[in-house]
Amino acid sequence: MVSPTSNTSESPGYNQALTVVFLQQQLLGACVESFGIYHQVLCIEFRNGHDDIMLSIDSKLLFEPDLTHDARSAEETALLFFYKINLQPITALEYLTDGSLALTFQNGYRFTVQGRCVDSGEPWQLATHTLANGGWLVIGFEGGGLAMFGPTPIDDS
């Protein structure tokens, strides 16, 4: 569903940097509230004080610090890592030119959602649960580029 308030990298007046700033405004200080697998997709839910924000992931994750030293499966490593960042506020959000999204937490832990999909589709999506009622959705495209639906930051210059 494409709404009149949707913008992608190809839309006139769209400024990807403003979308990244918008994401930083929404997520800096937000805490991990829950994590798990929903419909075979890894999801992490954040709360920023007034909205629940869901990060859906269809990409490989890089963890810092690396917790794979005990020959754990990728799934076990992810669960251990998410346990370590549970209730931790986000202190930094970076969008990388290859489409990767990196989040750093107050305890120093950091994970990066790589900009390449495991399957076909988008490597990641961030959205509020209230998209139909003034919420927003940002989709990261494979290899780079963003689309935003909702209150879209547009550069009028």
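It should be emphasised that the depicted structure is a prediction, and the values quoted were computed from it without experimental measurement.

1. A word on the nonpolar core
Core analysis: the largest hydrophobic core is formed by 34 residues, its most contacted members being Phe-46, Leu-55, Phe-82, Phe-111, Trp-124 and Leu-126. Residues contacting Phe-82, with those up to four places away along its chain left out, are Phe-35, Leu-42, Ile-44, Leu-61, Phe-63 and Phe-111. Core analysis: the next-biggest nonpolar cluster, separate from the first, contains 5 residues, Ala-127, Ile-139, Ala-147 and Phe-149 among them.

2. Remarks on the confidence of the model for the protein chain
When pLDDT is averaged across the protein chain, the result is 84; 84% of the residues are at 70 or more. Note that pLDDT drops below 50 for residues 1-5; the model gives that stretch 7 contacts with residues more than four away or on any other chain.

3. Points about the side chain of Thr-104
As for its position among the elements, Thr-104 is in strand β7 (residues 101-105). On the basis of relative accessibility, which here comes to 16%, the residue Thr-104 falls in the buried class. For Thr-104, the side chain forms a polar contact with the side chain of Arg-110, separated by 3.4 Å.

4. Observations regarding the side chain of Asp-51
You can see Asp-51 is positioned in the loop between β3 (41-47) and β4 (52-57). An unpaired buried charge is present at Asp-51: no salt bridge exists, and Arg-47, the closest side chain of opposite charge, is 8.5 Å distant. Residues in contact with Asp-51, not counting those within four places in the same chain, are Gln-26, Phe-46, Thr-128 and Thr-130.

5. Details of helix α1 (residues 16-27)
With 12 residues, α1 ought to run about 16 Å at 1.5 Å a step, and its terminal C-alpha atoms sit 17 Å apart, in line with that. For α1, every residue scored as buried is listed here: Thr-19, Val-20, Phe-22, Leu-23, Gln-26 and Leu-27. Take α1 and look down its axis: the buried residues cluster within an arc of 155 degrees, on one side only. Contact partners of the buried residues in α1: β3, β4, β6 (90-95), β9 (124-128), β10 (137-140) and β11 (146-149). Immediately beyond the C-terminal end of α1, within one or two residues, lies Gly-29, with a positive phi of roughly 90 degrees.

Cut-offs used in this document
- Residues numbered from 1 in each chain as written.
- Predicted model: local features only at pLDDT ≥ 70, side-chain atom pairs only at ≥ 80, totals over all residues.
- Heavy atoms only, no water.
- Core = buried A, V, L, I, M, F, W, Y, C linked by side-chain atoms within 4.5 Å.
- Buried < 20%, exposed > 50% of the residue type's maximum accessible area, 1.4 Å probe, protein only.
- Contact = heavy atoms within 4.5 Å.
- pLDDT = per-residue confidence, 0-100.
- Helix = DSSP H or I, 4+ residues; strand = E, 2+ residues; numbered from the N terminus.
- Polar contact = N/O pair within 3.5 Å; in protein donor to acceptor, adjacent residues only side chain to side chain.
- Lys, Arg positive; Asp, Glu negative; His and termini not counted.
- Salt bridge = Lys/Arg side-chain N within 4 Å of Asp/Glu carboxyl O.
- Expected span 1.5 Å × (residues − 1).
- Arc of directions from axis to C-beta.

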